[in-house]
Amino acid sequence: MRNTLIASLALAAFVAAAGQAAAHASVKSTTPTDKASVASPEELDLTFSEALNLPFSKLHLLGPDGKEIEIGKGVLKDADKTLTAPVTGPLKPGTYTVRWNVLSVDGHKTNGTYTFTVKP
Ligand SMILES: [Cu+2]
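Calculation notes
Along each chain, the written sequence defines residue order, and numbers are assigned to residues from 1. Local features in this predicted model are restricted to residues whose pLDDT is 70 or higher, and side-chain atom pairs enter the listing and the counts only when it is 80 or higher, whereas totals over whole chains, interfaces and linings include all residues. Neither water nor hydrogens contribute to the side-chain values; these are computed over all heavy atoms in the structure. UniProt positions are given in the numbering used here, feature names are shortened, and annotations may be inferred rather than shown by experiment. Counted as coordinating are nitrogen, oxygen and sulfur atoms within 2.8 Å of the metal, or 3.2 Å for Na, K and Ca, while water is not included, which may make sites look incomplete. The numbering of helices and of strands both runs from the N terminus, where a helix is a DSSP run of H or I of at least 4 residues and a strand a run of E of at least 2. When a residue's accessible area, from a 1.4 Å probe over protein chains only, is under 20% of the maximum for its type it is buried; when over 50% it is exposed; and in between it is partly exposed. Following DSSP output, two strands are said to pair if at least two bridges run between them. In this analysis an axis means a line fitted to C-alpha atoms, helices contributing only their contacting stretch, and an angle means the value between N-to-C directions, from 0 to 180 degrees. Among the buried residues, those of types Ala, Val, Leu, Ile, Met, Phe, Trp, Tyr and Cys that are joined through side-chain atoms within 4.5 Å form a nonpolar core. The contact criterion used is simple: two residues touch if any of their non-hydrogen atoms lie within 4.5 Å. The rule for a salt bridge is simple: a side-chain nitrogen of Lys or Arg has to be within 4 Å of a carboxyl oxygen of Asp or Glu.

Going by an unreviewed UniProt entry, the protein carries the name CopC domain-containing protein and comes from Rhizobium soli. As recorded by UniProt, the Subcellular location (unreviewed entry) comment attached to the protein reads in full: "Periplasm". Database annotation for the protein, UniProt heading Sequence similarities (unreviewed entry): "Belongs to the CopC family."

Q: Which residues make up the coordination of the copper ion, and what values do they have?
A: Distances from the copper ion to its protein donors, His24 (N), Asp106 (OD) and His108 (ND1), fall within 2.0 to 2.7 Å. Counting the intervening residues between successive donors of the copper ion yields the motif H-x81-D-x1-H. Within this pair, whereas His24 is found in the loop between helix H1 (2-23) and strand E1 (27-31), its partner His108 is found in the loop between strand E8 (94-103) and strand E9 (109-118), the two being separated by 84 residues in sequence. A relative accessible area of 32% places His24 in the partly exposed class.

Q: Just give me the short version of the sheet that holds E1, but keep the residues and values in it.
A: Strands sit in the order E1-E3-E7-E6 across an open sheet of four strands; the sheet is antiparallel. At either margin of the open sheet sits one strand with a lone partner, and together these are E1 and strand E6 (75-77). Going across the sheet, the axis of each strand differs from the next one's by a mean of 20 degrees, ignoring polarity. Across four bridges, E1 lies against strand E3 (residues 43-48) in antiparallel orientation. In the strand pairing of E3, Ser29 is matched with Thr47.

Q: Quick one: what's the story with the nonpolar core, residue by residue and with numbers?
A: Ranked by size, the top nonpolar core spans 20 residues in total, and within it Leu44, Leu46, Phe48, Leu59, Leu61 and Phe116 carry the most contacts. When contributions to this core are tallied by element, the ones reaching two or more residues are E3, strand E4 (58-62), strand E7 (82-86), E8 and E9. The element contributing the most residues to this core is E8, with four residues. Beyond its immediate stretch of four places on either side in the chain, Phe48 contacts Ala25, Ser26, Val27, Lys28, Lys81, Leu83, Trp100 and Val102.

Q: Summarise the pattern of salt bridges; cite the residues concerned and give the values.
A: Oppositely charged side chains can pair when the atoms bearing their charge come close. All chains considered together, the criterion is met by two salt bridges. Lys35 is the salt-bridge partner of Asp34, the closest N and O atoms lying 3.3 Å from each other. For Lys35, a relative accessible area of 65% corresponds to the exposed category. One salt bridge in this structure joins Lys77 and Asp45, with 3.3 Å as the shortest N-O distance. Of the two residues, Lys77 is situated in strand E6 and Asp45 in strand E3; the sequence distance between them amounts to 32 residues.

Okay, structure coming up:
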C-alpha cells in the first residue's frame, strides 16, 4: 500500500516535470526586438510559444532610471499567443526594460525581461 503510494507520487512528479518542460510559455519574438535601437515604439508586442490567459498576463515597461512607465492595457491576438500593449506618448532616448509575467492556458506561470534602446 505504502509502496504503491510512493510509486504514484513519483509518477505524478515525473509527469508534472515533463509537462512543464514541454509546454510552458516562452518568448518567441518581440517588437521592438531584444537589444534593438529603435525610434520610440507605439506598442510592445511579445509572441509566446503557447496561448496566454489575459487576466494573469501583464507587461511592465521600466525606463532608463528603472522606474515603471505606465502603458496601456494589454490585449491578445494571433490565437492568444501575442500579448500587445500600447505605449503612451513618445519615449525619451535611453534604454528601456520590458518585464513580462504571463500565465499560459496550461496553467504555468513564466516571466522574464529584455531591453531595447530608444535612439536620440
Ligand atoms: Cu506549460
